[in-house]
Amino acid sequence: MLLDPDGVLLENGSLPRPDPQPADRGAGFDGAADLLARLGEAGVAAALTSTRYTRAELLARGVAQRVAVIVDADDAERERLAAPPDPALLLRAAQLSGVHPARAAVLAGTTEGVQAACRGGFGLVVGVDRSGVREAELCRYGADAVLTGVSALQVDREAGRRRWWQPLRPVSPAAEQAGWLLDYTGVDPDAEGVRETLCTLGNGYLATRGAASEAVADQRHYPGTYLAGIFNRLRSRVHGHIHEDESLVNLPNWLLLQWRPEAAPWVLPSGPGISDYRQSLDLRAGVLHHRYRHVDGHGRATTVVSKRLVSMAAPHLAALEMTFVAENWSGTLQVRSAVDGRVTNGQVAEYEPLAGHHLFPEGQGRDGSGGLWLRMRTSQSRVDVGVATRTRVRPAGGAPDGPCRRATMARARPQETYIIPIREGEPVRVQKAAAYYTSRDRGITEPVAAARQAVAQVGSFTDLLTAHVRAWRRLWERSRVELHTSSSATVLALNLHTFHLLASTSPNVVDLDAGVGARGLHGEGYHGHIFWDEVFVHRALALHLPEVSRALLLYRWRRLDAARRAAAAAGYQGALFPWQSGSDGREETPSEVYNPRTRRWMPDRTAYQRHVGLAIAYSVWQYYQATADVNFLYTYGAELILEIARFFADLVRENPTTGRYEITRVMGPDELHDAYPGTDVPGLANNAYTNVMTVWLLRRALDVADLLACHYGPDLTDLLGLGEQERVRWRRITTRMYVPWHGAQIISQFDGYADLREFDVSGYLARYGDISRLHLILAAEGDSPNRYRIGKQADVLMLLYLLSAEELRELLAGLGYPWPRAALPRTVDFYSGRVSHGSTLSRVVHAWVHARAGRAISWDYFMEALAADLGDSKSGSTREGIHLGAMAGTLDLAERCYLGVEIREDALWFNPRLPREVSKLHTLLTYRGQQVHVTADQSVLALVASPCAAAPITVRVAGQPPLRLEAGEQRSIALKPAVPAM
Ligand code: BGC
């Protein structure tokens, strides 16, 4: 590892313990003396801090001879410098060395030392762990890299001069390999929107985009803040059409913290005078770092370093800390801290003609020391939103002349300006904490009172940080899928996806009424609506955070009445869930979509995707299988499954000619096909995915009815009006549903698919480059994808994502369609060549279906799925929010697909087949009350059940007899050569 700072501080714990053996002296403190000598030669200031040793002891051990500055145990006592984790000792050493902290590296051997260095705002924090086993722990506390000794450090003073402080806190080799740091260097205005989305911090309740705190919404920046489930409806007149849209509301911006040196313009990190810009998201800790250097028109250079969090431990709170170091000047610094309620929903260019003004001010004010508050109300849903902030200024070394502050109460934007004396080289710290409450929160009197109280009681940034990092640590332990692969980029991408899944749906949702937004809480794409994408999310959550899955399913249960009304309005029984859902469960899909290529509105028929109900029922059953939570099933889950089943059974019509059951006028997941060519009648007949999953659903509904009968007795008519006759019809459908076929036993996507024309995929790719929005391209050419064999995303192949090959074959056989093993790869190949992957969900499914027979292809798809948002593969859509379903899908893929995990028939199934690129995989599954550590490599599957009071579980490993796993038990199972899944 290369060090290029202006100064290096060796903190107490990086030195070995005092050893009475003279050998200790000879070893020169494990290379510390040698390192100090090398630093001396390179002209890098070196300092030692110790609360353990006196100067004399350090000299006696041969480490202090070449050090200019020593702050020892005696100094600490005399100057009352608190010991680490307080940064006082380190800051004193930096001051005496004439090096400012942002340009100094600290070598620390204890978690306290690491904490102290982080809190002190030091440029690079290197953990020294001689034991070799504490790397993870030191990283968790904030170390940028962990080494087993100091001898490995190389010193490059010249490089440091050239690059100034910027290479400090680099993507250190250790952190990069571990895949925990999403790092951006330099300002890139075109990529800003994507960065902001990917650097969003969230805790399931509250999320704030990773915009610079100095920025307001403009062409590049969009500092959105969203709370789960806070929607509002607006009407707009666009080109003579009235649109009514419900949107996740962009709430007042708490981040706003602007600054300037006296008599200079306000500084923007993307503005003039900026250099050495760096932005890093620390996934493990859930902390976003920004740093840059600014030189104003008078040559005054200032370094700005900031950290930010949205508390995972206290979901109503967020905080930031900004440190300013005047490099070559002294004078006054102005800092303006505001709560900006003058925000609108204005992120998505396509929605520009739509109204976006959702919030109206209801009051604002100041509180004692640095406090501001703002009350806003949404215009239609009448949600009161209370935001309170508290800003604290901490001049370095307790400057005698403290800041003075001035408040300006512009409407909907209370703010305070601080005039802060700053002296060259002495850091000034500004901390801001914010609290959000709404009238939908429980256990409060009203939102503003709750928010003001919360910020009044909040501790320092460090206090918040400590609890926040701990909460993240617990979540990572439960959720992480650890891939051992040589590609650190793969590990980083998978960790990033897990991070955003948790930022959108953490255990903080358990008491909320919030669904799974397709774009997370990260932007305004799709108005923040909830789609079937949740099926990908529940699959990932069910075996890690089942309590979160349960809470999110309740969002659907609470909207059963709306779904019942929708079914009735369409002339059906049961529950018809909307394709796009918002606050009250009505259909939110717009009836028209704007085509920027033609500048015309086109009909949007995606609401014919009735299959969203199948996804909900599937997710309920997954949750039940993962937890055996019968109370949930009796109280909520059964009602969801039965009502959805009732709707689909009613959708089914018997064809008198064939005696088979059919479903017409629906769309499958592939959104490129919404009608038959040349017709205006929306929908298609017998979408195979919908038909087969309906059979799966009716079978589960019958299982549920049996389970309910155990609880309530065999007569369920009083409960849900479920009589024997209805069940008889369901049973008949499960044996006589129609499935379309073509060619050599290939499942047809829908009736008539085989008659469509082939599509020239490569020709269109060559012409347009990106064909992810093919329907718009073809419409502009006066054509329609309905004429072609080209899909937007996996449709038939979704069956193989949700059901194992074995299950699917068994379902088809039950319908009288024997499906030979060889027909499966033919089906996979057929559709794989006819898809544009216009949805990010598609590649996840393709990676899945190729995993057994085409491992190399599968890995390529997996890589592409991991790159979807990181590479903004959907041409700009990432700036409007993450693609949460696809992110969760990659996690599901890495885990369930590669481990061959299934949860069915009251057992946890494994059939591991790791890709060649993965030498080992580890994760912690929560299954029916047990926590099972699962580790697999190419030949062994190891299961370790944590000791607890949970009952034994049944584990099925492919090709082996079932086994009973007791809590506390360990099993190591030699894997037979891969068991084919088909
Ligand atoms: C996909 C849908 C998905 C929606 C929201 C669309 O592009 O085709 O399957 O539900 O995006 O993510």
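The model shown is predicted, which means the values in this text are computed figures rather than measured ones.

Comments concerning helix α12 (residues 461-479)
Argument step 1. In this model, α12 (19 residues) spans 26 Å end to end at C-alpha, consistent with the 27 Å of a helix rising 1.5 Å per residue.
Argument step 2. When we look at burial in α12, the residues that qualify are Phe-461, Thr-462, Leu-464, Leu-465, His-468, Val-469, Ala-471, Trp-472, Arg-473, Leu-475, Trp-476 and Ser-479.

What about the nonpolar core?
Argument step 1. Core analysis: the biggest nonpolar cluster contains 224 residues, and Trp-532, Phe-862 and Phe-910 have the highest contact counts within it.
Argument step 2. With 14 residues, helix α18 (residues 630-651) is the single largest residue contributor to this core.
Argument step 3. Setting aside residues up to four positions removed in sequence, Phe-862 forms contacts with Leu-483, Thr-490, Leu-494, Ala-847, Thr-890, Leu-893, Ala-894 and Tyr-898.
Argument step 4. Membership of the second largest hydrophobic core comes to 24 residues, among which are Leu-9, Val-106, Ala-116 and Ala-117.

A look at the pattern of salt bridges
Argument step 1. If you walk through the whole model with that rule in mind, you get 53 salt bridges.
Argument step 2. Across the pair Arg-732 and Glu-654 runs a salt bridge, and its minimum N-O distance is 3.8 Å. Taken together, the positions of Arg-732 in helix α21 (residues 724-736) and Glu-654 in strand β30 (residues 653-654) put the pair 78 residues apart, joining distant regions of the chain.
Argument step 3. Residue Arg-732 is classed as partly exposed on the basis of its relative accessible area, which comes to 34%.
Argument step 4. Taken together, the shared-partner salt bridges in this structure form one network comprising Arg-233, Arg-235, Glu-244, Glu-246, Asp-584, Arg-586 and Glu-588.

Examining the confidence of the model for the protein
Argument step 1. For the protein, the mean per-residue pLDDT works out to 90, and 93% of the residues sit at or above 70.
Argument step 2. Note on residues 20-28: pLDDT is under 50 here. Beyond four places in sequence and across chains, it has ten contacts.
Argument step 3. In the model, residues 158-177 has pLDDT below 50 throughout and makes 54 contacts with residues more than four positions away in sequence or in other chains.

Some thoughts on the pairing of strand β5 (residues 104-108)
Argument step 1. With five of five residues buried, β5 lies mostly within the body of the structure.
Argument step 2. Burial of the side chains of β5 extends over both faces: Ala-104, Val-106 and Ala-108 are buried on one face and Ala-105 and Leu-107 on the other.
Argument step 3. Where strand β2 (residues 7-11) meets β5, four bridges bridge the pair, whose relative direction is parallel. Looking at the pairing, Leu-9 lines up with Val-106 of β5.
Argument step 4. Direction of pairing for β5 relative to strand β6 (residues 124-128): parallel, over a ladder of four bridges. Within β6, the residue paired with Ala-108 across the bridge is Gly-127.

Re the sheet that holds β5
Argument step 1. Pairing is parallel across the open sheet formed by six strands, whose spatial order is β4-β3-β2-β5-β6-β7. Each of the sheet's edge strands pairs with one partner strand only, and the pair in question is β4 (69-71) and β7 (145-147). Averaged over all pairs of adjacent strands, the angle between strand axes in this sheet comes to 20°, irrespective of strand direction.

A look at the packing of aromatic side chains
Argument step 1. Tallying each qualifying case throughout the model produces 33 aromatic pairs.
Argument step 2. Centroid distance Trp-532 to Tyr-689: 6.4 Å. Interplanar angle 75°. Geometry classified as edge-to-face. Note that Trp-532 is positioned in the loop between α13 (488-504) and α14 (534-542) and Tyr-689 in helix α19 (residues 688-712), a separation of 157 residues in sequence.
Argument step 3. On the accessibility criterion, Tyr-689 (0% relative accessible area) is buried.
Argument step 4. Here the aromatic rings of Tyr-676 and Phe-750 are separated by 5.9 Å at their centres, their planes lie at 85°, and the arrangement is edge-to-face. Placement of the pair is Tyr-676 in the loop between β31 (661-662) and α19 and Phe-750 in the loop between β33 (746-747) and α22 (761-768), with a sequence separation of 74 residues.
Argument step 5. Aromatic rings pair up to connect Tyr-526, Phe-531, Trp-532, Phe-536, Trp-579, Tyr-689, Tyr-801 and Trp-848 into one cluster.

Cut-offs and rules
The numbering scheme is per chain: residues are counted from 1 as the chain's sequence reads. Local features in this predicted model are restricted to residues of pLDDT 70 or higher, and side-chain atom pairs are both shown and tallied only at a pLDDT of 80 or more, whereas totals for entire chains, interfaces and linings draw on every residue. Heavy atoms throughout the structure, all of them, feed into the side-chain values; hydrogens and water do not. Helix and strand assignments come from DSSP, with helices taken as H or I runs of at least 4 residues and strands as E runs of at least 2, each series counted from the N terminus. By definition here, a helix of n residues has an expected span of 1.5 Å times n minus one. Burial here depends on accessible area, computed with a 1.4 Å probe over protein chains only, as a share of the maximum for the residue type. Under 20% is buried, over 50% is exposed, and the range in between is partly exposed. We call a set of buried residues a nonpolar core when its members are Ala, Val, Leu, Ile, Met, Phe, Trp, Tyr or Cys and they connect through side-chain atoms within 4.5 Å of each other. Contacts between residues were defined by any pair of non-hydrogen atoms, one from each residue, lying within 4.5 Å. We define a salt bridge as a side-chain nitrogen of Lys or Arg found within 4 Å of a carboxyl oxygen belonging to Asp or Glu. One confidence number per residue, pLDDT, is output by the predictor and ranges from 0 to 100. Pairing between two strands requires that DSSP report at least two bridges joining them. Between the N-to-C directions of two axes lies an angle of 0 to 180 degrees, each axis being a line fitted to C-alpha atoms and, for a helix, fitted only over the stretch in contact. A pair of Phe, Tyr and Trp rings is counted when the ring centres sit within 6.5 Å of each other, with Trp represented by its six-membered ring. The angle between the planes then sorts it: under 30 degrees is stacked, over 60 is edge-to-face, the rest tilted.

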